[in-house]
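Listed here are the chains, written in short residue letters.
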Amino acid sequence: MAEFDERTTLVNSIEEGNEIQDGKEISIDEALENAGCGFGTIAYTVGSFLCDAQVGSQMIVLALLSPILRCEWDLSPFSISLLNIANYVPYLLSSLGTATLGDKYGRKPVALIGAAGITITGVGCGFAKEYWQLLILRIVKGIFLGVVLGPVSVFSGEIPPRKYRALAMS
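Rules used in this analysis
- Residues numbered from 1 in each chain as written.
- Predicted model: local features only at pLDDT ≥ 70, side-chain atom pairs only at ≥ 80, totals over all residues.
- Heavy atoms only, no water.
- pLDDT = per-residue confidence, 0-100.
- Helix = DSSP H or I, 4+ residues; strand = E, 2+ residues; numbered from the N terminus.
- Contact = heavy atoms within 4.5 Å.
- Buried < 20%, exposed > 50% of the residue type's maximum accessible area, 1.4 Å probe, protein only.
- Arc of directions from axis to C-beta.
- Axes fitted to C-alpha atoms, helices over the stretch in contact; angles between N-to-C directions.
- Parallel < 35°, antiparallel > 145°, perpendicular 65-115°, else oblique.
- Left-handed = near helix turned anticlockwise from the far one by under 90°.
- Nonpolar A, V, L, I, M, F, W, Y, C, P; charged D, E, K, R; others polar.

Let's talk about the confidence of the model for the protein
Averaged over the protein, the pLDDT score is 78; the fraction of residues at 70 or greater is 79%. The spread of mean pLDDT over the elements of the protein runs between helix α1 (residues 2-15), the lowest at 45, and helix α4 (residues 77-85), the highest at 91. Overall, residues 1-15 carries pLDDT values under 50, and its contacts beyond four positions in sequence, including any with other chains, amount to six contacts.

Written as structure tokens, this is what we have:
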């Protein structure tokens, strides 16, 4: 009977957001503090940094390639501007719904799908032969960037131990 009570207490404790360690009940935050920064925490933090760095680096690459694309594809200044901002409006709009997706399907699957989408569309942008292909790929890439934004921000704020959270969020 004592075994059943311990299991029931453990299940109830986990459902309330607590864990039991050596018969002592601790919070999830204390469990993360005790675990420290493991490989998974560091790998996820580096991965989220790379996703954020990719957003900034694509503007630098486009700034360098815009004059070449303008001459090569005979584009107007408006077309170049549209190409430069094509992923930021979908990025904004899709980031509004990522909390719902993360709650419904889980943060990890949503983050992985978003990261895979960013990678695939990023490679596709490199192989685009015409303006409309590049424009559509950048719009789709913006959608995936917004999908990644929510889970990455949440994970960065809650996975690392308390003393590393500010660094992970910056």
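Notes on unusual backbone geometry
Here the phi dihedral of aspartate 74 falls at roughly 55°; this positive angle occurs in a residue that is not glycine. Note on placement: aspartate 74 falls in the loop between α3 (39-72) and α4.

Focus on α4
Among the residues of α4, Ser79, Ile80, Leu83 and Asn84 are the ones counted as buried. Each buried residue of α4 lies within a common arc of 140° when the element is viewed along its axis, so the set occupies one face. Here the buried face of α4 lies against α3, α5 (88-95) and α8 (131-158).

Examining the environment of glycine 47
The residue glycine 47 is located in helix α3 in this model. As a C-alpha pair, glycine 47 and valine 152 span 105 residues in sequence and 8.9 Å in three-dimensional space.

A short note on the packing of α3 against α8
Packing of α3 against α8 leaves a shortest axis separation of 10 Å and a crossing angle of 155°. One way to sum up the angle between α3 and α8 is to call them roughly antiparallel. Here α3 runs over α8; the crossing is left-handed. Contacts from Tyr44, Ser48, Cys51, Gln54, Val55, Gln58, Leu62 and Leu69 of α3 reach α8 at Leu134, Arg138, Lys141, Leu145, Val148, Pro151, Val152, Phe155 and Ser156. Taken together, the residues that form the contact of α3 with α8 break down as eleven nonpolar, four polar and two charged.

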